[in-house]
Structure formats: C-alpha cells, structure tokens
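# Observations on the three-dimensional arrangement
The lines below spell out each chain.
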Amino acid sequence: MTTTTVHVPLGERAYDVRIGQGLLANAGAEIAPLLARPRVAVLTDETVAGVHLETLRQGLEAQGIAMTALALPPGEATKGWPEFTRAVEWLLAEKVERRDIVIALGGGVIGDLAGFAAAVLRRGVRFVQIPTSLLAQVDSSVGGKTGINSKHGKNLIGAFHQPALVLADIGVLDSLPPRDFLAGYGEVVKYGLLGDAEFFEWLEENGPGLAAGDHALRTRAVRRSVEMKAEIVVRDETEQGDRALLNLGHTFCHALEAATGYSDRLLHGEGVAIGCALAFELSSRLGLCSQEEPSRVRAHLRAMGMKTDLADIPGDLPDADGLLTLMAQDKKVIDGRLRFILARGIGEAFVADNVDPGTVRQVLADALAARGLIDRSQ
Ligand code: GLY
C-alpha cells in the first residue's frame, strides 16, 4: 500500500490528510492512535454503507476497535435539521463521550453533517473524515467547514470544526459513477485555475488517464489539490480573505444550482466547472486576461467530456436578469456588492469586490444566446 501525507499545520488543530490505496481497509491502524478507548461511531449514507461499511468494519476490527453505525438516506435533502437531529440524538444514545471519535464515511453531505454533529455534540468531539467521493477528497473533507442547509439557503447553519484525521482512499473512487467522478474533477481543475498553472497543464496532459482510472495519477491529483487547499486554509482558516479564492466559479455555480433546483440536472461539481469557464470569460471581458484563457479552460473541460457551457444544462434556465438576481442572493454578496473570484490568467486568481453587474449580465446573456444556437442539452 502506497500512501502519501499532507499535513495541515493549524497549531493545536493540526492534522494529517492521508492519501492512497487501501486506507479504508487499514482504517483501524490509522485511527487507533487517536482513540481513548477502542470504539467509534460512524455516520454514513445508505448507498455508501452498502459498498464500503463492511470493509471499514473489518479494518477497525483488525485492531480490536468496535464500530457502531448509522446510515442516513443519500442525497442533499439529508443535510437539514431533521436528519441532523436524528444523527446527534443517535450519537448520544450510543453514549459517544467527549474523548471519543465520530467517523464521517461518505461524500460532502455526510462529511458536512457529521462534522457539524461532532462540533456540537457535548460541545465538541473529534471526528475523522473518510471521504468517498472525489469532490469530498479534494475539497469538503479538508478545511473544517461543517454544516447543514436551511430553507433560507445552503450551508447557512454550521461551524468551523477541523477533523482530527482525513483518510482519502483512492481505491474507493473506482466505485463512483463516471458522472460523479467528473463532477469532482471540476473541483480539481479549479485548483489549477486558481493558483497553479503548471498543475493545470499537468491536468491537460493527464486528465484523460486520471478519468480512465489510473491510481497513481489520481493520487497525484488529489495530493496536489489537498496541498493547495491546506495552504489556503492555513493562511485564512475562517475565510476573512484568501480562503474565498476556493470559491472560484462558485458565484455562477450557486445561481445555476438555484436555477436548476439543486437537482440532478446539474451536480455541484458540474456547476463549478461551468462557473470557472464563466469566471474566466468575465475576467477576459473585464480586460484582465486574454480571450485565449477562457478558450483554454473550455477546451480542457470539453476534452474531458464535462459540462462546460450553459448549453450543457438540460431544461429551461432563467434569463440573464433572473440569473443575476439569484447571484445577488448568494452569501458571498457583501453590502449588496457582487463578489467574484476573477483571474489575470490561468493560475492567477484574486478576489474582486464590486464587479460591474452590467458586464456580468452581458456574459450571461451571451452564454444564454449561445445556448439557443448550440443546445447540447436536448
Ligand atoms: N469549499 C470551500 C472552502 O472550503 O472554503
């Protein structure tokens, strides 16, 4: 088993992100040093439980660690008060104590919910993230953002609570449907675009091999993504400044997710990919970078068979003003000003407040018009 480690140096909240094959089966040995007594409580979802829970159980058992588990329904709808309450009450019923460890086994929904449950249980217990989607491995499992959705919006209730350990088992990605893998890959591309042009170039070359399942390439891509995320989180743990760079593509993405009802029409990572392409288009229109940059972004997404343009989203979309209104409801709006992550080129993103809404409207109107011309969504 080859594993690699990215350390997240956050003082007394520091932790390791272990990346490699076989980590799930070896979870007992990885987690044992953190335990005050040999038992853990696992929060997962029914789909993930069916595929991975037994491997985890055996991995823990091999080190004499007992496991109890609650499988919640899969999907974004789980990330609200009712299932959160159920999870917290279950942890209490299982007599999870202050020095115990909660394990989050699943994608972003489970990681966020379980992390928040751990943050508030007995005023905070430690938790271990075992992310099973590419998106969770490269983004949501690292950095300590935990929470649930409100009827007022996504992720509006939560806490910063860093995990004590992250186990990113590259082998579990083999069981992902290709669409989910590529959606997660949208977040991987984001890292290259926001701060590492060489990594983006590497992805242009190795993306197809990565999507085809090459474990060494996947390990390298997850490692570089996690390194970049860790660097940014260490600079700005609670998003007072630089951490917002991680939101490249997300202002457009959140409007598109709201417009498509957070449904299967558009997965989060797909929205991020389209959002990154639009953010580069906007940057070029604002004279910050050349037109070749958005074209290069789109060319790579297209080569990977990913959703790239608004034309790739099935069904109706609001007009440019409608999308702009949805953007204004984003939680990144400060004092009514639109905040975007723009770029001076690939790998050179920065936070821009007060972006001219007229230019944003024009970018959206043109993208919607192109959608009428080439509608790939039919
Ligand atoms: N997913 C964005 C962040 O962790 O800040």
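In what follows, the accompanying structure is described. These figures come from a predicted structure and were not determined experimentally. Numbering of residues starts from 1 in each chain and follows the order in which that chain's sequence is written. Where local features are concerned, this predicted model is filtered to residues with pLDDT of at least 70; where side-chain atom pairs are given and counted, the filter is 80 or more; whole-chain, interface and lining totals use all residues. Computation of side-chain values covers all heavy atoms of the structure but excludes hydrogens and water.

### Notes on the overall build of the protein
Condition: Secondary structure follows DSSP: runs of H or I at least 4 residues long count as helices, runs of E at least 2 residues long count as strands, and numbering of each begins at the N terminus. With the radius of gyration taken over C-alpha atoms, the globule rule is written as 2.2 Å times the number of residues to the power 0.38. By the convention used here, residues are in contact when the closest approach between their heavy atoms is within 4.5 Å. Computed with the Shrake-Rupley method and a 1.4 Å probe, the accessible areas treat only the protein chains shown as cover for residues.
Helix and strand counts for the protein stand at 13 helices and eleven strands. Relative to the 2.2 N^0.38 estimate, which gives 21 Å for 378 residues, the radius of gyration of the protein is 20 Å and therefore close to what a compact globule would have. Based on the C-alpha atoms only, the size of the protein along its principal axes is roughly 60 × 40 × 40 Å. In the protein, 73% of the contacts between residues at least 6 apart in sequence involve partners at least 24 apart. Summed over all atoms, the accessible surface of the protein reaches about 15100 Å², with 50% contributed by carbon and sulfur.

### Concerning the site of the ligand
Put simply, the test is: For each residue, the test is whether any non-hydrogen atom lies within 4 Å of the molecule or strand; if one does, the residue is near. Within 3.5 Å is the distance limit for a polar contact, defined as a pair of N or O atoms, with the added protein rule that one can donate a hydrogen and the other accept it, and that residues adjacent in sequence qualify only through two side-chain atoms. Under the convention adopted here, Pro, Cys and the residues Ala, Val, Leu, Ile, Met, Phe, Trp and Tyr are nonpolar, Asp, Glu, Lys and Arg are charged, and Gly plus all remaining residues are polar.
Taken together, D139, K145, K229, E239, R243 and L246 are the residues near the ligand. Between the ligand and K145, the relevant distance is 2.9 Å, taken from an oxygen atom to a side-chain nitrogen or oxygen of the residue. Within the contact set of the ligand, an oxygen atom lies 2.7 Å away from a side-chain nitrogen or oxygen of R243. Residue classes in the shell around the ligand are distributed as one nonpolar, no polar and five charged.

### Observations concerning the sheet that holds strand β2 (residues 15–20)
Short version of the rule: Think of it this way: DSSP has to see at least two bridges between two strands before they count as a pair. Axis geometry follows a simple rule: fit a line to the C-alpha atoms, using only the stretch in contact for helices, then measure angles between N-to-C directions, giving values from 0 to 180 degrees.
Across the sheet, which stays open at both edges, the seven strands sit in the order β1-β2-β9-β6-β5-β3-β4 with mixed pairing between neighbours. Where the open sheet ends on each side, the last strands, each with one partner, are β1 (3–8) and β4 (66–72). This sheet shows a mean twist of 20° between the axes of neighbouring strands, independent of strand direction. Where strand β3 (residues 39–45) meets β4, seven bridges bridge the pair, whose relative direction is parallel. By the bridge assignment, V42 is partnered in β4 with A69. Here helix α2 (residues 46–61) sits on the sheet and contacts β3, β4, β5 (101–106) and β6 (126–131); the angle it forms with β3, its principal contact strand, is near 160°.

### Some details on the environment of E281
Put simply, the rule is: In this scheme, a residue with accessible area under 20% of its type's maximum is buried, one over 50% is exposed, and one in between is partly exposed, where area comes from a 1.4 Å probe on protein chains only.
As for its position among the elements, E281 is in helix α10 (residues 268–285). Among the residues examined, E281 registers a relative accessible area of 9% and is labelled buried. In this view, E281 contacts Q291, P294, R298 and V363; residues no more than four positions away in its chain are not counted.

### Some thoughts on the packing of aromatic side chains
To be explicit about the condition: Any Phe, Tyr or Trp ring, taking Trp's six-membered ring, that has another such ring centre within 6.5 Å forms a pair; planes under 30 degrees apart are called stacked, those over 60 apart edge-to-face, and the others tilted.
Here the structure, examined in full by the defined rule, presents four aromatic pairs. Measuring from ring centre to ring centre gives 4.7 Å for F84 and F116, while their planes differ by 20°; the resulting arrangement is stacked. Of this pair, F84 sits in helix α3 (residues 81–93) while F116 sits in helix α4 (residues 108–120), and the two are 32 residues apart along the sequence. Centroid distance F252 to F340: 5.2 Å. Interplanar angle 50°. Geometry classified as tilted. One end of the pair, F252, is in helix α9 (residues 250–259); the other, F340, is in strand β10 (residues 340–343), with 88 residues separating them in the sequence. For the pair F252 and F340, a shared accessibility class is recorded, and that class is buried.

### Let's talk about unusual backbone geometry
Although it is not a glycine, R123 adopts a positive phi angle of roughly 65°. As for its position among the elements, R123 is in the loop between α4 and β6. For R123, a relative accessible area of 79% puts it in the exposed group. The phi angle at Y262 is positive, at roughly 50°, despite the residue not being glycine. Its location among the elements puts Y262 in the loop between α9 and α10. The exposure class of Y262 is partly exposed, given its relative accessible area of 41%.

### Observations concerning the packing of helix α6 (residues 178–195) against helix α7 (residues 197–212)
For clarity, the cut-off: When an angle is under 35 degrees it counts as roughly parallel; over 145 it counts as roughly antiparallel; between 65 and 115 it counts as roughly perpendicular; any other value is oblique. By convention, the crossing between two helices is left-handed when the near helix turns anticlockwise from the far helix through less than a right angle, and right-handed when the turn is clockwise.
It is at 7 Å that the axes of α6 and α7 come closest, and there the two elements cross at 160°. Between α6 and α7, the crossing angle belongs to the class labelled roughly antiparallel. Remark: the crossing between α6 and α7 carries right-handed chirality. Touching F181, L182, Y185, V188, V189, Y191, G192, L193 and G195 of α6 are A197, F199, F200, L203, G207, L210 and A211, all from α7. Among the residues making up the contact of α6 with α7, the classes are represented as 13 nonpolar, three polar and no charged.

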